[in-house]
Amino acid sequence: MNFLRGVMGGQSAGPQHTEIETIQKLCDRVASSTLLDDRRNAVRALKSLSKKYRLEVGIQAMEHLIHVLQTDRSDSEIIGYALDTLYNIISNDEEEEVEENSTRQSGDLGSQFTEIFIKQQENVTLLLSLLEEFDFHVRWPGVKLLTSLLKQLGPQVQQIILVSPMGVSRLMDLLADSREVIRNDGVLLLQALTRSNGAIQKIVAFENAFERLLDIITEEGNSDGGIVVEDCLILLQNLLKNNNSNQNFFKEGSYIQRMKPWFHVGDENSGWSAQKVTNLHVMLQLVRVLVSPTNPPGATSSCQKAMFQCGLLQQLCTILMATGVPADILTETINTVSEVIRGYQVNQDYFASVNAPSNPPRPAIVVLLMSMVNERQPFVLRCAVLYCFQCFLYKNQKGQGEIVSTLLPSTIDATGNSVSAGQLLCGGLFSTDSLSNWCAAVALAHALQENAVQKEQLLRVQLATSIGNPPVSLLQQCTNILSQGSKIQTRVGLLMLLCTWLSNCPIAVTHFLHNSANVPFLTGQIAENLGEEEQLVQGLCALLLGISIYFNDNSLESYMKEKLKQLIEKRIGKENFIEKLGFISKHELYSRASQKPQPNFPSPEYMIFDHEFTKLVKELEGVITKAIYKSSEEDKKEEEVKKTLEQHDSIVTHYKNMIREQDLQLEELKQQISTLKCQNEQLQTAVTQQVSQIQQHKDQYNLLKVQLGKDNQHQGSYSDGTQVNGIQPEEIGRLREEIEELKSNQELLQSQLAEKDSLIENLKSSQASPGTNEQSSATASARDSDQIAELKQELATLKSQLNSQSVEITKLQTEKQELLQKTETFAKSAAAPGESGAGMTAKATDGDGRLSVLLQDMNDLKNEIKALSEERTAIKEQLDASNSTIAILQNEKNKLEMDITDSKKEQDDLLVLLADQDQKIFSLKNKLKELGHPVEEEDELESGDQDDEEDEDEDDGKDQGRI
């Protein structure tokens, strides 16, 4: 300890020997006393000495104090004294040490004692467990001690708390403490805990920190609250800044809506206290954290949407147009509104509709631009207005068009009663204030950013320079001011405007080159050897001349690309030109402007570069360098390649549209297929019902036949012959109908086979036709061969089914002949002499009547079959016509699709063919199902029915033979 005291001791007036002995005795008493009162009194005495003799108490007593925390937890008083003593040793908040050396030494002592304390991680865990005690004398000193540890060695203590079980959760309970002192110090503790640690920030956020902090802010009076509100807002900033997960959680939890009451400013704006200004400033910064341009675009746009929907943007615009608002609050509000509307069309449109409360009302944009071009306004306010205007135009072609339209002759107010945004920009562009020139030039450049239409429209703007002189174009006026040798800031602003205007706009380049004085001026500026201050202007002139070469369409013979390159080589030199062009990106202010979109400068002389312009320089510097060294032949080849690419793009666009139309047609066909499927299902259900009805009729018929057989058991053979004559025509008619149906089905199948054969021939011919792509020919031929093999296999199956059908038809025809022979035999037996009498004559008459009725029914059925066959013939003709039309359309479609990439062609053709094949195979299978052959169950049912009928016929024959 003496050695440590010699190393760390540095107080000018060291402690007397008695005080050192006293501290030693107190430490011995803490370590060795058995009575709690003695230990408590000793710790209290150490606490009183710890501020004045911080080093000695820390060296000798820290170990004993930690031991007290471990062993005497039952006594809150001694625990409180020990925590206070440790806080005095570690903390650097001593008021006694005023001198610089003493303060530096105090900071060293605090960090060294903190390092000793946290060397054993159990000490921090012990301190966290003590914070669970509700006793004020334990909890409050514990909070202060842990806060001091985090201030001294924050990252190390954060890691210990992070790995400690429930460490962060224990600290979150401090926000719910009913004692304001502990709650407020708990907020400060969480500030130090969440600083620069994303993992702890997420844990704190998911421990319901947002809800508790917003409740505290509301309880304290929002922006009218005290320092506690500021501390809560700073903690919210720590949780949300650069933490996308917490930002999304904050938005999804609908906490953005709870920010709106913060910005309710009363009618009497005189009561702006210093704390209220500070609170509002931090609140505005918190809004900006959620919509910062550095956040992911999706997260920023969702927060912007929520701010508009809950009315937060409207509330900010109210502050923006209010009177009596302090200057720093107004400036920060403008910056906040800028980022809330940046790149989000809905918010930009709303901002364009905001009017200032004046008579007559003026748009807020116009009022802000007045402040920007007014040199008497504060510099930071003018920068904020410029940023707001840039954010309003960012990715907002509609707003860009509205700004440019205010400069066109057809929209200028002839009465002069109102001032437009375009007029204010032109006024600032040509004023005597260089800062106004630069801001107006940058603002006008943002109205042209990535908008070729507005670049061409701005060429129409004419300016009246003086009475009696003809008007000149805005482009010409900018070059005139540039050549007059104004201030560097003005020339830089005009050159940035011209470079933005001419880039990606060959028409503007032609207008610029049409003035014969522009190119000599630029070459003269670049070729001169000027000082360091003029090097930036030389670099911008080189960039403007390079843009005039790269985007030149060679419409002016005197200033074609090749002639301008020769001019550079003769007067400047290519290497010198490239060197001057590199001055831009090497400038010290270039990198600063490229970091953030907001123009944040300490003073006006630093306003040289714009953020969007740095992107343009980075994009064009390389291509201009290549363009300078290219030969005329390479330029021609590049132009040809560009034309070819444009033609290719047009062809691709054409076929994309065609494919889109075909996709729509496919969707329609799919819908039709689904409709037909529904109809098919309905028809199938109807067929099922009819089959069941037929089966019922068969059962009734068999029952009636059995009953008739019983009634006629005692009748003669003539009556049996009559009954057979009554039954036999039905069998004959049914067999004839079946034969006719089978024949028609056979013809239909043969026609479908012919269509299959023709389709295979077409596939073979299309496979052998020239013009296919060499890269996909192998795969396409393989697919076609596979498909043809499948089709051949299906055709073989269909042919075998047709053969079986033909065998069945032959069998049925033989059965028909046998039945006809039986009929003739029965007729002859009926004509032979038999029984006589009135009874037999009546029976014969009755049989003849039944036979005539059956014959009449058969004739009616034949007529119906004939009508159906005619209808079928007409439908077949329509089908043939539609098939021919489909074939013609298919040929036209194939011709069109031959121009698309072969891979797409082969894929689409195969898909169409497969769809047709599936549809035809599906229809064929349905036809075969109707015939009863593909499905085994139907075959068994029909065979079973046939066997039943044959058995019944045999029984009738046996009965007849017996009679």
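Since this is a predicted model, take the numbers as computed values, not measurements.

Procedures and definitions
Residues numbered from 1 in each chain as written. Predicted model: local features only at pLDDT ≥ 70, side-chain atom pairs only at ≥ 80, totals over all residues. Heavy atoms only, no water. Helix = DSSP H or I, 4+ residues; strand = E, 2+ residues; numbered from the N terminus. Buried < 20%, exposed > 50% of the residue type's maximum accessible area, 1.4 Å probe, protein only. Areas by Shrake-Rupley, 256 points an atom, 1.4 Å probe, with all protein chains shown as cover. Polar contact = N/O pair within 3.5 Å; in protein donor to acceptor, adjacent residues only side chain to side chain. Contact = heavy atoms within 4.5 Å. Salt bridge = Lys/Arg side-chain N within 4 Å of Asp/Glu carboxyl O. Arc of directions from axis to C-beta. pLDDT = per-residue confidence, 0-100. Axes fitted to C-alpha atoms, helices over the stretch in contact; angles between N-to-C directions. Left-handed = near helix turned anticlockwise from the far one by under 90°. Expected span 1.5 Å × (residues − 1). Bend = angle between axes of the 7 residues up to and from the residue. Phe/Tyr/Trp six-rings, centres within 6.5 Å; stacked < 30°, edge-to-face > 60°. Lys NZ or Arg CZ within 6 Å of the ring centre and 35° of its normal. Nonpolar A, V, L, I, M, F, W, Y, C, P; charged D, E, K, R; others polar.

A.B. asks: Would you mind showing me how to read the overall build of the protein here?
C.D. replies: When helices and strands are counted, the protein shows 42 helices and four strands. When each of the 963 residues of the protein is scored for burial, the buried share is 42%. Carbon and sulfur atoms form 52% of the exposed surface of the protein, whose accessible area is close to 51,400 Å².

A.B. asks: For this particular structure, what's the right way to read the side chain of N437?
C.D. replies: Looking at the element boundaries, N437 is found in helix α25 (residues 434-447). A distance of 3.0 Å separates polar atoms of two side chains, one belonging to N437 and the other to T490. Ignoring sequence-local partners within four residues, the contact set of N437 consists of G428, L429, F430, S431 and T490.

A.B. asks: When you look at the pattern of salt bridges in this model, what are you seeing that I'm missing?
C.D. replies: For the structure on display, the rule yields 22 salt bridges. Two residues, K251 and E252, come together in a salt bridge whose shortest N-O distance is 2.7 Å. Judged by relative accessible area, K251 falls into the buried class, the value being 18%. Taking the relative accessible area as the measure of exposure, E252 reaches 52% and is therefore exposed. Residue K398 pairs with D349 through a salt bridge whose shortest N-O separation is 4.0 Å. Residue K398 is found in helix α23 (residues 397-405), and its partner D349 is found in helix α20 (residues 345-353); the two are separated by 49 residues along the sequence. Under the relative-accessibility criterion, K398 is labelled partly exposed at 49%.

A.B. asks: In this structure, what is going on with helix α32 (residues 561-571)? I would like to understand it.
C.D. replies: Residues separated by three or four positions in an α-helix point in the same direction, a consequence of the helix having 3.6 residues per turn. Residues of α32 that are buried include every one of K561, L564, K565 and I568, and no others. Buried residues of α32, seen end-on, are gathered within an arc of 100° and therefore sit on one face of the element. Along α32, the residues that are exposed and aim more than 90 degrees away from the buried face are K570 and R571. Downstream of α32 by a residue or two, G573 has a phi angle that is positive, lying close to 95°.

A.B. asks: Just to check I follow, could you spell out unusual backbone geometry for this structure?
C.D. replies: For residues other than glycine, phi is negative in most cases, and the peptide bonds are mostly trans. Between N359 and P360 the backbone carries a cis peptide bond, its omega angle lying at 0°. Within the secondary structure, P360 sits in the loop between β1 (355-356) and β2 (362-363). Notably, N222 is not glycine yet its phi reads approximately 55°, a positive angle. A residue is classified by how much of its surface remains accessible, and N222, at 15% relative accessible area, is buried.

A.B. asks: Help me understand the environment of M496 in this model?
C.D. replies: As for its position among the elements, M496 is in helix α28 (residues 488-502). For M496, a relative accessible area of 3% gives the class buried. C-alpha of M496 to C-alpha of V617: the two residues are 121 residues apart in sequence and 9.8 Å apart in space. Discounting residues that sit within four places of it in the chain, M496 has contacts with W438, V442, I608, F609, D610 and F613.

A.B. asks: Help me out: how do you make sense of the side chain of T479 in this one?
C.D. replies: Examined against the element boundaries, T479 turns out to sit in helix α27 (residues 474-483). A relative accessible area of 5% means that T479 is categorised as buried. Only 2.6 Å separates the side chain of T479 from the backbone oxygen of Q476, close enough to count as a polar contact. Sequence-distant contacts of T479, that is, excluding residues within four places in its chain, are made with L498, F512, N515 and N518.

A.B. asks: Teacher, can you tell me more about the confidence of the model for the protein here?
C.D. replies: When pLDDT drops low, the exact placement of atoms in the prediction is not to be read closely. Summarising the model, the protein shows a mean pLDDT of 81, and 75% of its residues fall at 70 or more. In this model, residues 935-952 is a region of pLDDT below 50 whose contacts with residues beyond four sequence positions or in other chains number 13 contacts. Note on residues 954-963: pLDDT is under 50 here. Beyond four places in sequence and across chains, it has eight contacts.

A.B. asks: Which parts of the structure should I look at to understand the packing of helix α4 (residues 54-71) against helix α5 (residues 76-90)?
C.D. replies: In a packed pair of helices, the relevant descriptors are the angle between the two axes and the axis-to-axis distance. Packing of α4 against α5 leaves a shortest axis separation of 9 Å and a crossing angle of 145°. Seen from above, α4 lies across α5 with left-handed handedness. Mapping the contact onto sequence places R54, V57, G58, M62, L65, V68 and L69 in α4 and I78, I79, A82, L83, T85, L86, N88, I89 and I90 in α5.

A.B. asks: Can you walk me through helix α36 (residues 611-629) in this structure?
C.D. replies: With 19 residues, α36 should cover 27 Å at 1.5 Å per step; its first-to-last C-alpha distance of 29 Å lies within 8% of that length. The axis of α36 is deflected most strongly, by about 30°, at L620. For α36, the full list of buried residues reads H611, E612, F613, T614, L616, V617, L620, I624, A627 and I628. Of the residues that open α36, the one with a side-chain oxygen 3.3 Å from the backbone nitrogen of E612 is D610.

A.B. asks: What is the right way to read the packing of aromatic side chains from this model?
C.D. replies: For any pair of aromatic rings, the description rests on two quantities: the centre-to-centre distance and the angle between the ring planes. Scanning the model with the defined rule gives 12 aromatic pairs in all. Look at F206 and F249: their rings are 4.6 Å apart centre to centre, the planes differ by 40°, and that puts the pair in the tilted class. Remark: F249 occurs in helix α15 (residues 244-252) and F206 occurs in helix α12 (residues 198-206); sequence separation between them is 43 residues. A relative accessible area of 53% means that F206 is categorised as exposed. The class of F249 is partly exposed, set by a relative accessible area of 28%. The interplanar angle of 85° and the centroid separation of 5.0 Å between the aromatic rings of F210 and F250 together place this pair among those described as edge-to-face. Here F210 is found in helix α13 (residues 209-219), whereas its partner F250 is found in helix α15, with 40 residues between them in sequence. Judged by its relative accessible area of 1%, F210 is buried. Members of the aromatic cluster, connected to one another through ring pairs, are F206, F210, F249, F250 and Y255. The positively charged end of R342 is found above the aromatic ring belonging to Y394, 3.8 Å away from the centroid.

A.B. asks: Quick question: what am I supposed to make of the packing of helix α3 (residues 36-50) against α4 here?
C.D. replies: As a packed pair, α3 and α4 sit with axes 10 Å apart at the nearest point and diverge in direction by 145°. Seen from above, α3 lies across α4 with left-handed handedness. Counting all contacts with α3, which are made through V43, L46, L49 and S50, the residues of α4 involved are R54, V57, A61, L65 and V68. Here the contact of α3 with α4 is built from residues that sort into seven nonpolar, one polar and one charged.

A.B. asks: Please clarify how the environment of L666 should be interpreted in this entry.
C.D. replies: Examined against the element boundaries, L666 turns out to sit in helix α37 (residues 632-711). Judged by its relative accessible area of 41%, L666 is partly exposed. Along the sequence, L666 and V912 sit 246 residues apart, while their C-alpha atoms lie 9.8 Å from each other.

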